[in-house]
Amino acid sequence: MKRVKREVSDKVVFVLLVVAFVISALGGYIVYDYSHNSGDEQVMEDEVGGMVILNVVGEENSVEEVEDNEGIE
Amino acid sequence: MKVLNNNGLVVLLTVAIIASVSGTFLSINFIDDVITGAATTTGNVTITVSSTAGCSATDAIIAFGNLAQNESNNTGGANNDTIHIANTGNTNLDVTAETSVNLFSQRDAPSAFWRISCYLAESGSCNTTEHNVQEASNATSLITSLDFNDGTDDFNVSINVTVPDNETAGAKNGELTFTCTTS
């Protein structure tokens, strides 16, 4: 018995055509976007550190409290 | 002439989809290599130089040595042991300062016992008024529009400290973070 080869329906062909169009358009956009943005990264901020060191000499502890900023100009 | 049936169209469309996807990836992966070649006539080259904010600190550690309780010292003026910050990028900068580690155990920032200011800038608007060193949420502006050109791209940071009279004796270490942002 000879086997009958089934033909793909028109709907399937149409769906594949739409998929091919979308993928093609998307690929074109990706390449366009990449070529226009690559190497254009901007660095807007940087940070560096500093340090202040000192050695407090004198009484080990003072029980006298001071008000905020008292005596400081 | 033989008419192509739907089966043939499906095969062709599948090949087109695969070619499209492959072409996209190849373009992205090899775009830098492809944009080369020999020219036999006049050509124009257009490039975009990215804006980069960068800064560096030299002499970043200020050592006041021994100080007694209630004693003060500052790094500006005659003492002139300042933190030197340079604009190393290619855009003008605004620079702020904040503390990440408090200098005194008895006085958290902000307090008048640890103050900061801009001192001797080559360009920009230098904020020479002393301000209490702040926590990160309220950083102090030291300078705005610091230029990036060599010769006019740096400034100094002055520190003024007063040891609280209830501060315990011993070594103290305060850390500052300078944030350089594009103007």
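Keep in mind it's a predicted model, so treat the numbers as computed, not measured.

S.K.: Account for the environment of A68 of chain B, with residues named and values stated.
M.R.: Considering the arrangement of structural elements, one finds A68 of chain B in strand β2 (residues 61-68). Along the backbone, A68 of chain B and P164 of chain B are 96 residues apart, and their C-alpha atoms lie at a distance of 9.0 Å.

S.K.: Explain the environment of N7 of chain B to me, and be specific about the residues and the numbers.
M.R.: Within the fold, N7 of chain B resides in helix α1 (residues 6-34). Judged by C-beta crowding, with 14 C-beta atoms within 10 Å, N7 of chain B ranks as partly exposed. If we ignore the near neighbours within four places in the chain, the residues touching N7 of chain B are E7 and V8 of chain A.

S.K.: Before we move on, can you summarise the interface of chain B and chain A with the specific residues and values?
M.R.: A common way to express how large an interface is: the accessible area buried when the components associate. Facing 64 residues of chain B, the contacting portion of chain A comprises 47 residues. Of all the secondary structure elements, the ones that give two or more residues to the side of chain B that touches chain A are α1, β1 (55-58), β2, β4 (83-87), β10 (154-162) and β11 (170-182) of chain B. If one sorts the elements of the side of chain B that touches chain A by residue count, α1 of chain B sits on top with 14 residues. Taken together, the residues of the side of chain B that touches chain A break down into 33 nonpolar, 27 polar and four charged. Sheet topology places strand β1 (residues 45-57) of chain A next to β2 of chain B; six bridges connect them, and they run parallel. Note on β2 of chain B: the bridge partner recorded for V57 of chain A is A68 of chain B.

S.K.: How would you sum up the nonpolar core? Please name residues and give values.
M.R.: C55, I85, V95, V157, V161 and F178 of chain B are the most contacted members of the largest nonpolar core, which has 36 residues in total. Excluding residues within four positions of it along the chain, C55 of chain B makes contact with D46 and V48 of chain A together with I85, A86, N87, T88, L93, V95, F178 and C180 of chain B.

S.K.: I'd like to hear about the pairing of β1 of chain A, residue by residue, with values.
M.R.: The two faces of β1 of chain A differ: D46, V48, G50, V52, L54 and V56 of chain A on one face are buried, but E45, E47, G49, M51, I53, N55 and V57 of chain A on the other face are not. Pairing of β1 of chain A with β11 of chain B involves 12 bridges; the strand directions are antiparallel. Across the sheet, residue G49 of chain A finds its bridge partner in β11 of chain B, namely T177 of chain B.

How each quantity is defined
Residues numbered from 1 in each chain as written. Chains lettered and ligands numbered in written order. Predicted model: local features only at pLDDT ≥ 70, side-chain atom pairs only at ≥ 80, totals over all residues. Helix = DSSP H or I, 4+ residues; strand = E, 2+ residues; numbered from the N terminus. Buried ≥ 20, exposed ≤ 12 C-beta atoms within 10 Å, placed from the backbone. Contact = placed C-beta atoms within 7 Å. Nonpolar A, V, L, I, M, F, W, Y, C, P; charged D, E, K, R; others polar. Pairing = 2+ DSSP bridges. Core = buried A, V, L, I, M, F, W, Y, C linked by C-beta atoms within 7 Å.

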